Amino acid sequence: MKITIIGATGMAGSALVAEALKRGHSVTALARSAEKLAQLPTSPNLTTKVQDAFALTSTDLATADVIIDAFATAPSLAFQHVDLATSLIAKLRETTHPRLVFILGAGSLQTGDDHHLFVNDIAKDPNAASFLRIPQSQLKELNFLRDVDNVNWVGVSPSANFHPGAATPFLLGDDELLVNANQESGTSTGTMAVAILDEIEQPQHHQTRFTVADK
């Protein structure tokens, strides 16, 4: 399968590149830094390209079977999460190919007996002020996507602690923040990559969001 990964050198993107190559897929890795792209694994199945994601055309997108949006940016530019999603969707209206996969934040998940949004808990943490705009913008991104019914998309949210690490056995859910048997809510980048590649190879979700957590 031909998989294009936007933000391929980031925490999530680099894990996705490694997992997709491991499974024998043809990967096009897009990022803003040539130096970081050069640090990705060498493989005959990997093509790297310095690319502004906002400049991708409909023709560019059509060359892939799947496009994964693993875009990351500074909190001051958090609105670009929504802008990029709207840009990609606009270029693929009334299509079923390629499939779009969006990595969303944990803030849009529900938690507690009253099923409130986890972003509300994040906002109460004084240490979160420096990055709060990111989960807030990713919630807006999900809300936008939920109104899109003529593009083949799926969203994936990690649990509360999204961190670098190898894949582990995992839990899957829909809109509730997941907690494992040890009352931990975390997702490693390796786990996220495996869950996304599993979904790509054997689709279980369509025009909806699911969540994954380390077991």
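Everything discussed here concerns the structure shown above.
In what follows, the accompanying structure is described. (Residues numbered from 1 in each chain as written. Predicted model: local features only at pLDDT ≥ 70, side-chain atom pairs only at ≥ 80, totals over all residues. Heavy atoms only, no water.)

1. Quick notes on the packing of helix α4 (residues 80-91) against helix α6 (residues 133-145)
It is at 8 Å that the axes of α4 and α6 come closest, and there the two elements cross at 25 degrees. By the angle class used here, α4 and α6 are roughly parallel. Regarding α4 and α6, the two cross each other, and that crossing is right-handed. For the pair formed by α4 and α6, the contact residues are His81, Val82, Ala85, Thr86 and Ile89 on the first element and Ile134, Ser137, Gln138, Lys140, Glu141, Phe144 and Leu145 on the second. When grouped by side-chain class, the residues that make up the contact of α4 with α6 number six nonpolar, four polar and two charged. (Axes fitted to C-alpha atoms, helices over the stretch in contact; angles between N-to-C directions. Helix = DSSP H or I, 4+ residues; strand = E, 2+ residues; numbered from the N terminus. Parallel < 35°, antiparallel > 145°, perpendicular 65-115°, else oblique. Left-handed = near helix turned anticlockwise from the far one by under 90°. Contact = heavy atoms within 4.5 Å. Nonpolar A, V, L, I, M, F, W, Y, C, P; charged D, E, K, R; others polar.)

2. A word on the layout of surface pockets
When its volume is computed, the largest pocket comes out at roughly 620 Å³. Together, 27 residues line the largest pocket, and Gly105, Ile134, Gln138, Pro158 and Phe162 are the ones closest to its centre. Taken together, the elements giving at least two residues each to the lining of the largest pocket come down to α1 (11-22), α5 (118-124) and α6. Split into classes, the residues belonging to the lining of the largest pocket amount to 18 nonpolar, seven polar and two charged. Here the second largest pocket defines a volume of roughly 290 Å³. As for the second largest pocket, its lining consists of 17 residues, and the residues nearest its centre are Gly7, Thr9, Ala31, Arg32 and Ala72. (1 Å grid on protein atoms, 1.4 Å probe; cavity = no way out; pocket = protein on both sides within 12 Å on 5 of 7 lines; lining within 4 Å. Points joined across faces, edges and corners; volume = space filled by probe spheres on them.)

3. Focus: unusual backbone geometry
Here the residue pair His97 and Pro98 is connected by a cis peptide bond, since its omega of 0 degrees sits within 30 degrees of zero. Structurally, Pro98 is set in the loop between α4 and β5 (99-103). One non-glycine residue, Gln183, adopts positive backbone phi at about 60 degrees. By the secondary structure assignment, Gln183 is in the loop between β10 (170-173) and β11 (186-188). Accessibility expressed as a relative area gives 66% for Gln183, which makes it exposed. One non-glycine residue with positive phi stands out, namely Gln207, at about 55 degrees. The residue Gln207 is located in the loop between α7 (189-201) and β12 (209-214) in this model. (Buried < 20%, exposed > 50% of the residue type's maximum accessible area, 1.4 Å probe, protein only.)

4. Observations regarding the packing of aromatic side chains
Aromatic ring pairs are reported here in terms of the distance separating the ring centres and the angle at which the planes meet. For the structure on display, the rule yields one aromatic pair. When the centroid spacing of 6.1 Å and the interplanar angle of 90 degrees are considered together, the rings of Phe54 and Phe71 count as edge-to-face. In this pair, Phe54 is assigned in the loop between β3 (46-50) and α3 (58-62) and Phe71 in the loop between β4 (66-69) and α4, connecting sequence segments 17 residues apart. (Phe/Tyr/Trp six-rings, centres within 6.5 Å; stacked < 30°, edge-to-face > 60°.)

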